[in-house]
Amino acid sequence: MSHPDPKDELVTHLPALRAFALSLTRNRATADDMMQDAVLKAWTNMDKFEAGTNMRAWLFTILRNNYYSSRRKLNREVADVDNAFSDTLSVKPDHDGRLQMMDFKVAFEQLADEHREALILVGASGFSYDDAAEMCGVATGTMKSRVNRARAKLTEILQLDDDEALELTDSATMAVVGSPNLPS
């Protein structure tokens, strides 16, 4: 069976890769840089990609590994000591509805990296528990546990009751905080 050229397939995954980078970094410029680094690394290592396997998972794994490598480097650096950047940040006004997107973003950013990553991969990106676990180099049960803990933490931070309806939110957010009964 003939497989399409992996370099052509790579291009089809760029929007999802950028969205994943943005969700990890929460900064457009950094996300774009990380995405470019991941694409460059994938392009130069295309000979290592196994045709017929999951290209998106391979790209997400490269980006994820780059992200954590950069985080380890940043942990050794000190930045924004005089609050020059943080003083320029502002908060958008609140809007009607129980679960507002801004509330969700604030709550989501409070999650540990591994929990945020699990929700992005399984909830928002639609990867199976098995695929997400493989990308993160953990057991499927570990991935399920991370997703469950992350959802529980979001529910706690957002002060949601089990019977409370979620309002004014998009389908990706609903997937992240929604049904814990996703297929594996």
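Residues numbered from 1 in each chain as written. Predicted model: local features only at pLDDT ≥ 70, side-chain atom pairs only at ≥ 80, totals over all residues. Heavy atoms only, no water.

Student: Could you clarify how one ought to interpret the overall build of the protein chain in this entry?
Tutor: Secondary structure summary: the protein chain contains nine helices and zero strands in total. Tracing the protein chain from N to C terminus, the helices and strands come up as α-α-α-α-α-α-α-α-α. Taken over 184 residues, the protein chain has a buried fraction of 35%. Considering only intrachain contacts with a sequence separation of at least 6, the fraction spanning at least 24 residues in the protein chain is 71%. Counting every atom, the protein chain has about 11,200 Å² of accessible surface; 51% of that belongs to carbon and sulfur. (Helix = DSSP H or I, 4+ residues; strand = E, 2+ residues; numbered from the N terminus. Buried < 20%, exposed > 50% of the residue type's maximum accessible area, 1.4 Å probe, protein only. Contact = heavy atoms within 4.5 Å. Areas by Shrake-Rupley, 256 points an atom, 1.4 Å probe, with all protein chains shown as cover.)

Student: What should I look at first to understand the nonpolar core in this one?
Tutor: A general trend in soluble globular proteins is that nonpolar side chains are found buried together. Membership of the largest hydrophobic core comes to 44 residues, with the highest contact counts inside it found for Trp 58, Phe 60, Leu 63, Leu 121 and Met 143. For this core, the secondary structure elements donating two or more residues are α2 (14-25), α3 (28-44), α4 (55-74), α5 (101-110), α6 (113-124), α7 (129-136) and α8 (140-157). The dominant element in this core, judged by the number of residues it contributes, is α4, at nine residues. When residues are assigned to domains, this core turns out to be shared by domain 1 (6-79) and domain 2 (96-176), each giving three or more. (Core = buried A, V, L, I, M, F, W, Y, C linked by side-chain atoms within 4.5 Å. Domains from an automatic or database assignment.)

Student: What exactly am I supposed to notice about the packing of aromatic side chains here?
Tutor: Overall, the coordinates contain five aromatic pairs when judged by the stated rule. Look at Phe 20 and Phe 60: their rings are 4.6 Å apart centre to centre, the planes differ by 10°, and that puts the pair in the stacked class. Note that Phe 20 is positioned in helix α2 and Phe 60 in helix α4, a separation of 40 residues in sequence. Among the residues examined, Phe 20 registers a relative accessible area of 2% and is labelled buried. Classification of Phe 60 by relative accessible area gives buried; the value is 1%. One aromatic cluster in this structure is built from Phe 20, Phe 60 and Phe 127. (Phe/Tyr/Trp six-rings, centres within 6.5 Å; stacked < 30°, edge-to-face > 60°.)

Student: For this particular structure, what's the right way to read a positive patch on the surface?
Tutor: Residues Lys 41, Arg 72, Lys 73 and Arg 76 make up a contiguous surface patch of positive charge. As for its placement among the helices and strands, Lys 73 is situated in helix α4. (Patch = residues over 30% accessible without salt bridge, like charges linked within 9 Å, V, L, I, M, F, W, Y side chains within 5 Å. Salt bridge = Lys/Arg side-chain N within 4 Å of Asp/Glu carboxyl O. Lys, Arg positive; Asp, Glu negative; His and termini not counted. Charge placed at Lys NZ, Arg CZ, Asp CG, Glu CD.)

Student: How should I be thinking about the environment of Ala 31 in this particular structure?
Tutor: In this fold, Ala 31 is placed in helix α3. Between the alpha carbons of Ala 31 and Arg 18 there is a distance of 6.7 Å; along the sequence they are 13 residues apart. Beyond its immediate chain neighbours, meaning those up to four positions away, Ala 31 contacts Ala 21, Leu 22 and Thr 25.

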